[in-house]
Amino acid sequence: MDNDTLGQMEIDMPGSRPSYPEEYRQQVLALVRAGRTAEELSKKFEPSAQTIRNWIVQDQLDRGEREDGDTSDEKAELARL
């Protein structure tokens, strides 16, 4: 993966946008794991630094690295119920 060229996301509606594709999120998270900061990545790519930090927290929950929130699977199960 080229660290400097993630696909550019197009915004169709001002003020809100569809969720980023999972593959895109995983690419950004891989760059974080490689040592890039949320702030650095937000300047280069579309998501805000806060959005990237939210993805980092959710990834840590999903990987069992923290326990102060629901995993993605738990959130999906709650939504299903």
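See the structure above.
The model shown is predicted, which means the values in this text are computed figures rather than measured ones. (Residues numbered from 1 in each chain as written. Predicted model: local features only at pLDDT ≥ 70, side-chain atom pairs only at ≥ 80, totals over all residues. Heavy atoms only, no water.)

Chemist: Quick question: what am I supposed to make of the overall build of the protein chain here?
Modeler: Along the protein chain, the regular secondary structure elements total four helices and zero strands. Element order for the protein chain, N to C, with α for helix and β for strand: α-α-α-α. A sequence separation of at least 24 residues applies to 38% of the contacts in the protein chain between residues at least 6 apart. If you sum the accessible surface of the protein chain, you get close to 5700 Å²; carbon and sulfur atoms cover 47% of it. (Helix = DSSP H or I, 4+ residues; strand = E, 2+ residues; numbered from the N terminus. Contact = heavy atoms within 4.5 Å. Areas by Shrake-Rupley, 256 points an atom, 1.4 Å probe, with all protein chains shown as cover.)

Chemist: Any chance you could explain a negative patch on the surface here in plain terms?
Modeler: Taken together, the side chains of Asp62, Asp70, Asp73 and Glu74 make up a negatively charged region of the molecular surface. By the element assignment, Glu74 lies in helix 4 (residues 72-80). (Patch = residues over 30% accessible without salt bridge, like charges linked within 9 Å, V, L, I, M, F, W, Y side chains within 5 Å. Salt bridge = Lys/Arg side-chain N within 4 Å of Asp/Glu carboxyl O. Lys, Arg positive; Asp, Glu negative; His and termini not counted. Charge placed at Lys NZ, Arg CZ, Asp CG, Glu CD.)

Chemist: In this structure, what is going on with the environment of Gln58? I would like to understand it.
Modeler: When you line up the elements, Gln58 lands in helix 3 (residues 49-62). Counting along the chain gives twelve residues from Gln58 to Asp70, while the straight-line C-alpha distance between them is 8.2 Å. Sequence-distant contacts of Gln58, that is, excluding residues within four places in its chain, are made with Asp70, Thr71, Ser72 and Lys75. In terms of polar contacts, Gln58 uses its side chain to reach the backbone carbonyl oxygen of Asp70, at 3.1 Å. (Polar contact = N/O pair within 3.5 Å; in protein donor to acceptor, adjacent residues only side chain to side chain.)

Chemist: Whenever I open this one, helix 3 confuses me. Can you help?
Modeler: Structurally, the α-helix is built with 3.6 residues per turn, so residues lying three or four positions apart point the same way. For helix 3, built from 14 residues, the straight-helix expectation of 20 Å at 1.5 Å per residue is met to within 8% by its first-to-last C-alpha distance of 20 Å. All of the buried residues in helix 3 are Ala49, Ile52, Trp55, Ile56, Gln58, Asp59 and Leu61. Buried residues along helix 3 sit in contact with helix 1 (22-33), helix 2 (38-44) and helix 4. In the segment just after helix 3, Gly64 is the residue with positive phi, at about 80°. (Expected span 1.5 Å × (residues − 1). Buried < 20%, exposed > 50% of the residue type's maximum accessible area, 1.4 Å probe, protein only.)

Chemist: Please explain the packing of aromatic side chains as it appears in this structure.
Modeler: Geometry of an aromatic ring pair is reported as the spacing of the ring centres plus the angle between the planes. Summed over all chains, the structure comprises two aromatic pairs. With a centroid separation of 5.4 Å and 15° between ring planes, the pair formed by Tyr20 and Tyr24 is classed as stacked. Each member of the pair, Tyr20 together with Tyr24, is buried. Judged by centre distance (5.4 Å) and plane angle (80°), the rings of Tyr20 and Trp55 are edge-to-face. (Phe/Tyr/Trp six-rings, centres within 6.5 Å; stacked < 30°, edge-to-face > 60°.)

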